Amino acid sequence: MTNDIAISIRTDIDIVAARQRGRQLAAEIGFSSTEQVLIATAISEIARNLINYAIRGQVSFNKVQQPEKQGFRVIAEDQGPGIVDTNQALQDGYSTSNGLGLGLPGAKRLMDDFEIVSTTQGTTVTMTKWRQESKFGSRPN
Ligand SMILES: Nc1ncnc2c1ncn2[C@@H]1O[C@H](COP(=O)(O)OP(=O)(O)OP(=O)(O)O)[C@@H](O)[C@H]1O
Ligand SMILES: [Mg+2]
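What comes next concerns the included structure.

## Concerning the overall build of the protein chain
Then step 1. Helices and strands together make up the secondary structure of the protein chain, namely four helices and five strands.
Then step 2. When the elements of the protein chain are put in sequence order from the N terminus, they spell out β-α-α-β-β-α-α-β-β.
Then step 3. Computed over its C-alpha atoms, the radius of gyration of the protein chain comes to 15 Å, within 12% of the 14 Å expected for a compact globule of 141 residues.
Then step 4. Referenced to the eigenvectors of the C-alpha coordinate spread, the extents of the protein chain come out at roughly 45 × 25 × 25 Å.
Then step 5. Within the protein chain, the fraction of its 141 residues that count as buried is 26%.
Then step 6. Contacts in the protein chain between residues far apart in sequence, at least 24 positions, make up 63% of those at least 6 positions apart.

Following this line, the structure appears as structure tokens:
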């Protein structure tokens, strides 16, 4: 696994940058334009949470190569206060800030693998989307 890109997240502009670089890397891995948008949306939600709940954090992107498939892995890390109950935070509509409470569950649905590790020292969200190798070549966009 190579750590391709790491972006510090502190402002809205950083979120836009993370979204764009994420989409670009997803395109390079061969995801369709629809999948690129889904991945970019998940990145936005997780990056927004870094600012809202931890003031700042970092998002990194990794290309994951396995024998039969390639993946795009996003890791979002912060040193904020942490999430007391991560299962509750993943419920639709759960929000401590009068938000819609759809950021985490939405990102989970958009990606294939999704994991939150959170302590009082901070939170790490790791999410991966897989792209199956097709013997017919890359899928049309
Ligand atoms: N990085 C984080 N650090 C601490 N708490 C977090 C973090 N990310 C999410 N949370 C907690 O999990 C809750 C749910 O997050 P989620 O993104 O699903 O909803 P939201 O941010 O409240 O609203 P929405 O994303 O729909 O605008 C948040 O309200 C917050 O309490
Ligand atoms: Mg959110």
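Still more ground to cover, so stick around.
## Section: the site of ligand 1
Then step 1. Surrounding ligand 1, one finds 24 residues, the nearest of these being N49, S95, T96, G99 and G103.
Then step 2. Residue contributions to the shell around ligand 1 peak at six residues, all from helix α2 (residues 33-54).
Then step 3. Residue composition of the shell around ligand 1, grouped by class: 11 nonpolar, 11 polar and two charged.

## Re the packing of α2 against helix α4 (residues 103-110)
Then step 1. One way to put it is that α2 packs onto α4 with a least axis distance of 9 Å and a crossing angle of 150°. Taken together, the axis directions place α2 and α4 in an arrangement best described as roughly antiparallel. Between α2 and α4 lies a crossing whose hand is left-handed. Where α2 abuts α4, its residues L38, T41, A42, E45, I46, R48 and N49 lie against G103, G106, A107 and L110.

## Quick notes on the nonpolar core
Side chains of nonpolar character tend, in soluble globular proteins, to be buried together.
Then step 1. Core analysis: the largest hydrophobic core is formed by 25 residues, its most contacted members being A42, I43, I46, A47, V59 and V74.
Then step 2. Every element with two or more residues in this core is listed here: α1 (12-29), α2, β2 (57-65), β3 (69-78), α4 and β5 (122-132).
Then step 3. Top element by residues in this core is α2. It accounts for six residues.
Then step 4. Ignoring any residue separated from it by four or fewer positions in sequence, one finds I43 in contact with A18, R19, G22, V59 and V74.

## Here we look at unusual backbone geometry
Then step 1. Even without glycine at this site, I55 takes up a positive phi of about 70°.
Then step 2. Assignment of secondary structure puts I55 in the loop between α2 and β2.
Then step 3. Here I55 falls in the partly exposed class, since 13 other C-beta atoms lie within 10 Å of it.
Then step 4. In the Ramachandran plot, N98 falls in the positive-phi region, its phi being about 60° despite a non-glycine side chain.
Then step 5. Tracing the backbone shows N98 in the loop between α3 (86-89) and α4.
Then step 6. N98 sits in the exposed class, given 6 other C-beta atoms within 10 Å.

## Some thoughts on the packing of α1 against α2
Then step 1. Two elements in contact, α1 and α2, have axes separated by 8 Å at closest approach and are oriented at 150°. It follows from the interaxial angle that α1 and α2 lie roughly antiparallel. Crossing of α1 against α2: the hand is right-handed. Each of I15, A18, R19, G22, R23, A26 and A27 in α1 lies in contact with α2, whose residues at this interface are E35, Q36, I39, A40, I43, S44, A47 and R48.
Then step 2. For the contact of α1 with α2, the class distribution of residues is eight nonpolar, three polar and four charged.

So, how was this worked out
- Residues numbered from 1 in each chain as written.
- Chains lettered and ligands numbered in written order.
- Predicted model: local features only at pLDDT ≥ 70, side-chain atom pairs only at ≥ 80, totals over all residues.
- Helix = DSSP H or I, 4+ residues; strand = E, 2+ residues; numbered from the N terminus.
- Rg over C-alpha atoms; globule rule 2.2 N^0.38 Å.
- Buried ≥ 20, exposed ≤ 12 C-beta atoms within 10 Å, placed from the backbone.
- Contact = placed C-beta atoms within 7 Å.
- Near = placed C-beta within 6 Å.
- Nonpolar A, V, L, I, M, F, W, Y, C, P; charged D, E, K, R; others polar.
- Axes fitted to C-alpha atoms, helices over the stretch in contact; angles between N-to-C directions.
- Parallel < 35°, antiparallel > 145°, perpendicular 65-115°, else oblique.
- Left-handed = near helix turned anticlockwise from the far one by under 90°.
- Core = buried A, V, L, I, M, F, W, Y, C linked by C-beta atoms within 7 Å.

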